[in-house]
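Spelled out, the chains give:
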Amino acid sequence: MYATPKEETNENNSQNSVHSTDCPIFSMGEIAMESALKGESSQDWLKALASEVKSILKHDTFDLVKRTENMDLIGSRFILRNKCGSDGKIKLKKARLIAQGFGQIPEVNYSQNQTFSPGARLSSIRMLASLAGKFKAKIYQFDITTAYLNGILEDEVYMNIPKYFDLPLETLIESENDADLCKRAKQILVNIKKNNMVCKLKKISL
């Protein structure tokens, strides 16, 4: 579960969402959820959504709780993107559930001195590439799945249940062999249909 800047999380922003789910030209842009679910690759997108939800459930990232009047809620939504290989062709479809942390207020919801985002500086990457070229070494690239779901969230953060959350849950229930995971998915599916339920986050990168 991730957080993104405000300008990248507006569902109505046509500049960040594209309506072609298979054209390589648009593969780097965000895919509109409605277009993905209605297109020829709808089943692939549902599998990608189910894979993301499966990781979230396995890492125990949230609990469903009843909404109260004094809760300070943040929004959430799914981000869909195509992943391309070195040849420029689409290799897989990826879904991410993001928490809209831009709604939080500095020094009210969090301390600015305690926020950070782990990542490599571009200058460091250039240096490693230069050294690899000099010593004729190979550079390997790999993707760590759900790397940001391992940090424990110490503060209380409540998030609205994302739109379309029932679809990947239903797909997961139909395809998953893990009985315990299916049981939890079924419980969540029942609970999200009730009113006044929100997610209490336990692990997140804001």
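Our structure is the block above this text.
Summary of the structure given here. All figures in this text were calculated on a predicted structure; none of them were measured in a lab.

The next thing to look at is the packing of helix H2 (residues 42-58) against helix H5 (residues 179-192). At a minimum axis separation of 11 Å, H2 and H5 run at an interaxial angle of 100°. It follows from the interaxial angle that H2 and H5 lie roughly perpendicular. Contacts between H2 and H5 involve Lys54, Leu57 and Lys58 on the former and, on the latter, Leu181, Arg184, Ala185 and Ile188. Grouping the constituent residues of the contact of H2 with H5 by class yields four nonpolar, no polar and three charged.

What follows concerns a nonpolar patch on the surface. A cluster of nonpolar side chains, Met127, Leu128, Leu131 and Phe135, forms an exposed patch at the surface whose accessible area comes to about 430 Å². Relative to the helices and strands, Met127 is located in helix H3 (residues 122-134).

This part covers the nonpolar core. Generally speaking, nonpolar side chains in soluble globular proteins are found buried as a group. Counting residues in hydrophobic clusters, the biggest one holds 30 residues, and the most contacted among them are Leu57, Phe62, Leu80, Phe165 and Leu169. Every element with two or more residues in this core is listed here: helix H1 (33-38), H2, strand S4 (73-84), strand S5 (90-100), strand S6 (152-159), helix H4 (166-175), H5 and strand S7 (197-203).

Moving on: the environment of Ser41. By the secondary structure assignment, Ser41 is in the loop between H1 and H2. For Ser41, a relative accessible area of 8% corresponds to the buried category. Between the C-alpha atom of Ser41 and that of Lys93, which follows or precedes it by 52 residues, the distance is 9.3 Å.

On to the pattern of salt bridges, then. If you walk through the whole model with that rule in mind, you get seven salt bridges. For the salt bridge of Arg77 with Glu30, the shortest nitrogen-to-oxygen distance reads 2.6 Å. With Arg77 in strand S4 and Glu30 in strand S2 (residues 30-31), this pair connects stretches of sequence that are 47 residues apart. Measuring nitrogen to oxygen at the nearest pair gives 3.0 Å for the salt bridge that ties Lys54 to Glu176. Taken together, the residues span a long stretch of sequence, with Lys54 in helix H2 and Glu176 in the loop between H4 and H5 at a distance of 122 residues.

Calculation criteria
Residues numbered from 1 in each chain as written. Predicted model: local features only at pLDDT ≥ 70, side-chain atom pairs only at ≥ 80, totals over all residues. Heavy atoms only, no water. Axes fitted to C-alpha atoms, helices over the stretch in contact; angles between N-to-C directions. Helix = DSSP H or I, 4+ residues; strand = E, 2+ residues; numbered from the N terminus. Parallel < 35°, antiparallel > 145°, perpendicular 65-115°, else oblique. Contact = heavy atoms within 4.5 Å. Nonpolar A, V, L, I, M, F, W, Y, C, P; charged D, E, K, R; others polar. Patch = residues over 30% accessible without salt bridge, like charges linked within 9 Å, V, L, I, M, F, W, Y side chains within 5 Å. Areas by Shrake-Rupley, 256 points an atom, 1.4 Å probe, with all protein chains shown as cover. Salt bridge = Lys/Arg side-chain N within 4 Å of Asp/Glu carboxyl O. Core = buried A, V, L, I, M, F, W, Y, C linked by side-chain atoms within 4.5 Å. Buried < 20%, exposed > 50% of the residue type's maximum accessible area, 1.4 Å probe, protein only.

Geometric values such as these leave the question of function open.
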